[in-house]
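# Secondary and tertiary structure notes
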Amino acid sequence: MHKYIVCIGSNYNRTENLTFARQKLAEQFSPIYRAPELETAPLFFKNPALFSNQVIMFFSDKDEELVKRILKDIELASGRLPEDKKEEKVCLDIDILLYDDKIIKPEDWEREYVQQSLSALYSSLSIK
């Protein structure tokens, strides 16, 4: 089994899109373990819409490439369109942060809200 830690985020219909993401992730990778949702300001956008973000951990026998495809399919199913980038509209973004013991996105991994979420997640699971 592989360990995955992903971050889901949205700045558009945030509640609905994060609920949708959690439901789809649970269908594919049950059980999922989740940190509390956090509201964050946009980091690189001019659009002032706030983001809702959540860190989720799950275990799967699926390899990294297959999981990436599944996550991309979930993003597309949420209504994410390529032209949304120009408008800085993020229906749903799902990024793999950690695969087994390998940090996939070091820049994202070090973000304050991710570290805060990881602490909350690990303490809720009593993992040190």
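Let me sum up the structure you'll find in this document. If you're wondering where the values come from, they're calculated on a predicted model, not measured in any experiment. (Residues numbered from 1 in each chain as written. Predicted model: local features only at pLDDT ≥ 70, side-chain atom pairs only at ≥ 80, totals over all residues. Heavy atoms only, no water.)

### Observations concerning the nonpolar core
Using the following cut-off: Residues belong to one nonpolar core when they are buried, are Ala, Val, Leu, Ile, Met, Phe, Trp, Tyr or Cys, and are joined through side-chain atoms within 4.5 Å. Exposure classes here rest on a 1.4 Å probe applied to the protein chains alone. A residue is buried below 20% of its type maximum, exposed above 50%, and partly exposed in between. Counting from the N terminus, the helices are DSSP H or I runs at least four residues long and the strands are E runs at least two residues long. We call two residues in contact when some of their heavy atoms are within 4.5 Å.
One finds Val6, Ile8, Leu25, Phe29, Phe58 and Leu71 to be the most contacted residues of the largest nonpolar core, which totals 18 residues. At the level of elements, strand S1 (2–10), helix H1 (14–29), strand S4 (51–60), helix H2 (64–77) and strand S5 (93–99) are the ones that each hand at least two residues to this core. Contact partners of Ile8, with chain neighbours within four places excluded, come to Leu18, Ala21, Arg22, Leu25, Ser52, Asn53, Gln54, Ile56, Leu92, Asp93 and Ile94. The next biggest cluster of nonpolar side chains, apart from the first, holds 13 residues, and it includes Ala35, Val55, Met57 and Val114.

### What about the layout of surface pockets?
This is how it is decided: Put simply, the grid is 1 Å and covers the protein atoms alone, a cavity is a trapped set of points that fit a 1.4 Å probe, a pocket is an open set with protein on both sides within 12 Å along at least five of seven lines, and lining residues have an atom within 4 Å of a point. Grid points are joined across faces, edges and corners, and a volume is the space filled by probe spheres set on the points. Residues were grouped as follows: Ala, Val, Leu, Ile, Met, Phe, Trp, Tyr, Cys and Pro as nonpolar; Asp, Glu, Lys and Arg as charged; and all remaining residues, including Gly, as polar.
Taken as a whole, the largest pocket spans an internal volume of roughly 440 Å³. For the lining of the largest pocket, the secondary-structure elements that each account for two or more residues are S1, S4, S5 and helix H4 (112–125). Looking at the lining of the largest pocket residue by residue, the class counts come to 12 nonpolar, 3 polar and 5 charged. When its volume is computed, the second largest pocket comes out at roughly 240 Å³.

### Some points on the state of the cysteines
To be explicit about the condition: Any two cysteine sulfur atoms lying within 2.5 Å of each other are counted as a disulfide.
All told, the structure shown has 0 disulfides when counted by the stated rule. In this structure Cys7 is not part of a disulfide, and its nearest cysteine sulfur, from Cys91, lies 16 Å away. In this structure Cys7 comes out as buried when scored by relative accessible area, which is 8%. With relative accessibility at 4%, the residue Cys91 sits in the buried group.

### Looking at the pattern of salt bridges
Applicable threshold: We count a salt bridge whenever a side-chain nitrogen from Lys or Arg sits within 4 Å of a carboxyl oxygen from Asp or Glu.
This structure, assessed with the given rule, holds 11 salt bridges. Put simply, Lys68 and Glu65 hold a salt bridge, and the shortest N to O gap is 3.5 Å. Residue Lys68 and its partner Glu65 are both found in helix H2; the two are separated by 3 residues, about one turn of the helix. Given a relative accessible area of 36%, Lys68 falls into the partly exposed group. Among the salt bridges present, the one from Glu75 reaches Lys72, with a minimum N-O distance of 3.0 Å.

### Examining the packing of aromatic side chains
Put simply, the rule is: Planes of paired rings set the category: under 30 degrees apart is stacked, over 60 is edge-to-face and the rest tilted, where pairs are Phe, Tyr or Trp rings (Trp by its six-membered ring) whose centres lie within 6.5 Å. Whether a charge lies above a ring is judged from NZ of Lys or CZ of Arg, which has to be within 6 Å of the ring centre and within 35 degrees of the ring normal.
Scanning the entire structure with this criterion turns up 3 aromatic pairs. Ring geometry for Tyr4 versus Phe58: centroids 5.2 Å apart, planes at 20 degrees, classification stacked. Of this pair, Tyr4 sits in strand S1 while Phe58 is found in strand S4, placing the two residues 54 residues apart along the sequence. Consider the rings of Tyr4 and Tyr99, whose centres lie 5.2 Å apart with planes at 50 degrees: the pair is tilted. Separated by 95 residues along the polypeptide, Tyr4 in strand S1 and Tyr99 in strand S5 bring together distant segments of the chain. Given a relative accessible area of 15%, Tyr99 falls into the buried group. One aromatic cluster is present, formed by Tyr4, Phe29, Phe58 and Tyr99 through successive ring pairs. Directly above the ring of Tyr12 sits Lys89, whose terminal nitrogen or CZ lies 4.0 Å from the centroid.

Just distances and angles here, no functional claims.
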